[in-house]
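# Reading the structure
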Amino acid sequence: MTATLPIAPSAVCWITRTLEDAGFETWAVGGAIRDALLGRPSGDWDLATRATPKEVRRIFRRTVPIGIEHGTVGVLARDGTMYEVTTFRRDVETDGRHAVVVFAETIEEDLGRRDFTINAMAWHALREVFCDPYGGAADLDDHVLRTVGRPDERFREDFLRILRALRFAGRFELRIEPDTWHSLRGLVDRLPVLSPERVREELLKVLGQDPAPARSLELYAESGALAVVYPELDAVRSDGGWARSLATIERLPPARPLTRLAALLRPLLEERAAALLVRMRLSNAVTDEVARLASASPLPGPQAPDAEFRRWLARYGASRLGRVARIELAEARAREHEASGAGGSRGPAPTEVVESWRRARAVLRTSPPLAVSDLAIDGRDLMRLGLRPGPGFGLILEGLLDWVLEDPSRNETSGLGARAIELATIVAEDGGREGSGDG
Ligand code: ATP
Ligand code: MG
């Protein structure tokens with residue numbers, strides 16, 4: 001391997017030295033070593049040690065029991081960063097939902113239970129020794145992703161490794177080694193044994209870590225995993241909208257994984273998108289937010305009257321303007337990119353989206369009333385006008401808001417009062433005709 005070897009942060013050296021001084025062999029392992037060899041900024045530096053969690057907690061003053069059952073203790077370094085220190089482990093038995101592990105004696109054993117060769121390298125921060133028993137560095141050089149050991153066994157131990165393979169191969173532009181690929185494809189129908197949370201976190205990592213997530217998602221599709229875990233998205237593929245979806249999310253930043261998710265869901269019918277989100281088991285608030293972003297109508301065109309912008313903002317929420325506009329802009333750019341090859345395709349040009357977005361912001365700056373609660377009149381005022389409280393009140397207030405959205409200068413008490421009485425007559429007549437006053 002010709003690439004420069006990792007330079008560990010000083011806190012990693014300090015943790016290593018402290019443990020080694022106490023008699024416990026300790027290595028930096030996993031993703032950070034891989035990233036360093038790739039010349040990419042390393043994310044979290046994880047450590048593997050011969051010391052048991054109990055010993056680690058005894059040796060360091062500031063520790064957090066992150067995952068004692070997995071042998072992981074968080075050690076707080078002087079720089080305020082927390083490092084995960086995990087006791088050497090090896091796999092013993094498994095149900096495919098996650099591997100079951102016991103403590104091990106050596107770093108080689110520990111590396112042997114890791115998923116892919118590129119993730120199974122260790123670096124000794126003090127002795128400056130590189131430990132790579134499975135040839136991860138050579139695989140990185142050759143741009144190959146392969147499992148440590150026989151792919152069939154390794155995927156059956158933990159089916160999440162299938163999705164991890166697709167993520168790493170996409171993110172680092174690796175070819176999946178033929179046996180690994182063959183076995184992975186044959187096992188995608190076992191993915192449903194995994195907990196929805198683990199499957200979801202994998203997708204959010206693809207969307208949240210990778211500036212160019214299309215490669216991983218394309219691998220989801222090609223391997224058959226997409227059809228198993230996200231059939232709704234696989235349907236977008238057969239409808240021919242998949243390439244556009246991928247091109248869109250590549251034009252949105254990884255710092256906004258949920259906006260990217262919403263963009264992926266935009267081609268779906270609302271119920272299909274909702275079904276997928278519910279299956280992902282995100283919190284209700286996040287599910288609701290993503291569903292709203294996914295189903296919001298496009299912004300009014302740049303030539304539309306102000307009232308249309310106010311109606312859009314009232315309907316979808318001023319707080320969502322930026323995110324919907326970003327999605328639309330990304331879509332428009334993706335479309336423009338396509339159109340430069342093939343013939344014209346429908347939808348606004350990027351410059352038009354930018355202009356609509358600017359118009360919407362200008363309208364917002366005038367602080368127009370956008371909700372019933374912004375009206376200069378409320379339910380009590382309606383009663384003072386002699387109207388009888390009841391379900392019709394909501395309709396009247398909605399009607400008033402609609403009238404005010406058309407022209408914000410209408411938001412004053414006397415005009416609203418007169419309009420309310422007019423609306424009350426209409427509401428009462430409608431209610432009478434349908435035999436019930438509520439709506
Ligand atoms: P990322 O940059 O995505 O965090 P990473 O390699 O650090 O990449 P993690 O999920 O943080 O990935 O896991 C850290 C290390 O633990 C991996 O490099 C790998 O060696 C090992 N590992 C994690 N999950 C599994 C798994 N399901 N099966 C086997 N080994 C795993
Ligand atoms: Mg990591």
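Structure report, in brief. (Residues numbered from 1 in each chain as written. Chains lettered and ligands numbered in written order. Predicted model: local features only at pLDDT ≥ 70, side-chain atom pairs only at ≥ 80, totals over all residues. Heavy atoms only, no water.)

### Quick word on the nonpolar core
Here is the rule: Each nonpolar core is a collection of buried residues, namely Ala, Val, Leu, Ile, Met, Phe, Trp, Tyr and Cys, held together in the definition by side-chain atoms within 4.5 Å. Here the term buried applies to any residue with accessible area under 20% of the maximum for its type, exposed to any over 50%, and partly exposed to those in between, with areas from a 1.4 Å probe on protein chains only. Per the convention used, a helix needs a DSSP run of H or I reaching at least four residues, while a strand needs a run of E reaching at least two, with both numbered from the N terminus. Contact definition: two residues touch when any of their heavy atoms are within 4.5 Å.
Counting 117 residues, the largest nonpolar core has Y230 and L265 as the members making the most contacts within it. Broken down by element, the residue count for this core peaks at 8 residues, all from helix α21 (residues 392-406). Beyond its immediate chain neighbours, meaning those up to four positions away, L265 contacts L233, A273, L276, L277, V290 and A294. One finds A104, I107, A120 and A122 within the second-largest nonpolar core, a separate group that totals 11 residues.

### Some remarks on the sheet that holds strand β3 (residues 63-67)
Selection rule: The criterion for strand pairing is that DSSP finds at least two bridges linking the strands in question. To obtain an axis, a line is fitted to C-alpha atoms, over the contacting stretch when the element is a helix, and the angle between two such axes runs from 0 to 180 degrees between their N-to-C directions.
In spatial order, the strands read β3-β4-β5-β2-β1-β8-β9; together these 7 strands make up an open sheet with mixed pairing. The open sheet has two edge strands with one neighbour each: β3 and β9 (129-131). The mean angle between the axes of side-by-side strands here comes to 30°, regardless of whether they run parallel or antiparallel. Across the sheet, helix α1 (residues 10-21) is in contact with β1 (26-29), β2 (46-49), β4 (72-76), β5 (82-87) and β8 (122-124); its angle to β5 comes to roughly 35°.

### Remarks on the pairing of β3
Here β3 runs beside β4; their pairing, made up of 3 bridges, is antiparallel. The residue bridging T63 from the neighbouring strand is V75, located in β4. Here β3 folds back onto β4, and the loop between the two strands holds 4 residues, one of which, G71, carries a positive phi near 85°.

### A word on a nonpolar patch on the surface
The test is simple: Residues qualify for a patch when their relative accessible area is over 30% and they have no salt bridge, like charges being joined within 9 Å and the nonpolar side chains of Val, Leu, Ile, Met, Phe, Trp and Tyr within 5 Å. For every accessible area listed, the method is Shrake-Rupley and the probe measures 1.4 Å; residues are considered covered only by the protein chains on display. Any carboxyl oxygen of Asp or Glu within 4 Å of a side-chain nitrogen of Lys or Arg constitutes a salt bridge here.
On the surface, V64, I66 and M82 cluster together into a nonpolar patch covering about 220 Å² of accessible area. Mapped onto the elements, M82 comes out in strand β5. The exposure class of M82 is partly exposed, given its relative accessible area of 38%.

### Looking at the packing of helix α17 (residues 306-316) against α21
Applicable threshold: These descriptions rest on fixed angle ranges, namely under 35 degrees for roughly parallel, over 145 for roughly antiparallel, 65 to 115 for roughly perpendicular, and the rest for oblique. Only Asp, Glu, Lys and Arg are considered charged, only Ala, Val, Leu, Ile, Met, Phe, Trp, Tyr, Cys and Pro nonpolar, and every remaining residue, Gly among them, polar.
Put simply, α17 and α21 touch, their axes get as near as 8 Å, and they point 140° apart. Taken together, the axes of α17 and α21 are oblique relative to one another. Two secondary-structure elements touch here, α17 through A307, R310, R311 and A314 and α21 through D402, L405 and E406. Of the residues belonging to the contact of α17 with α21, the class tally is 3 nonpolar, no polar and 4 charged.

### Overview of the site of ligand 1
Basically, it comes down to this: Residues are classed as near a molecule or strand on a simple rule: at least one heavy atom within 4 Å of it. N or O atoms closer than or at 3.5 Å make up a polar contact, with two conditions inside protein: a donor-capable atom paired with an acceptor-capable one, and, for residues adjacent in sequence, both atoms drawn from side chains.
Close to ligand 1 lie 16 residues, the nearest being R34, D158, R161, R164 and R167. The contact in question runs from a nitrogen atom of ligand 1 to an N or O atom on the side chain of D158, over 2.9 Å. At 2.8 Å, a side-chain N or O of R167 approaches an oxygen atom of ligand 1. Counted by class, the shell around ligand 1 contains 1 nonpolar, 4 polar and 11 charged residues.

### Some thoughts on helix α10 (residues 214-223)
Within α10, 7 of the 10 residues are buried, leaving the element largely enclosed by the surrounding structure. A positive phi of about 95° marks G224, the residue just after α10.

### Section: the packing of aromatic side chains
Let me state the cut-off plainly: Only centres within 6.5 Å qualify two rings of Phe, Tyr or Trp (six-membered ring in Trp) as a pair; their planes then separate them into stacked at under 30 degrees, edge-to-face at over 60, and tilted for everything else. By definition here, charges over rings are those cases where NZ of Lys or CZ of Arg is within 6 Å of the ring centre and within 35 degrees of the ring normal.
In total, this model carries 4 aromatic pairs according to the counting rule given. Arranged with centres 6.2 Å apart and planes meeting at 70°, the rings of F116 and F168 form a pair that is edge-to-face. Taken together, the residues span a long stretch of sequence, with F116 in the loop between α4 (107-112) and β8 and F168 in helix α7 (residues 160-171) at a distance of 52 residues. Judged by its relative accessible area of 0%, F116 falls in the buried class. The cationic tip of R167 hangs over the ring face of F168; the distance from NZ or CZ to the ring centre is 4.6 Å. For the cation-ring pair, R361 lies above W357, with the distance from its terminal atom to the ring centre recorded as 5.2 Å.

### Notes on the packing of helix α12 (residues 231-238) against helix α15 (residues 270-280)
Packed helix pairs are specified by the crossing angle of their axes together with the interaxial distance, meaning the distance between the axes. Running from N to C, α12 and α15 cross one another at 140°; their axes reach a closest spacing of 9 Å. In this structure, α12 contributes P231, E232, L233 and A235 to the contact, and α15 contributes R272, A275, L276 and R279. When its residues are assigned to classes, the contact of α12 with α15 shows 5 nonpolar, no polar and 3 charged.

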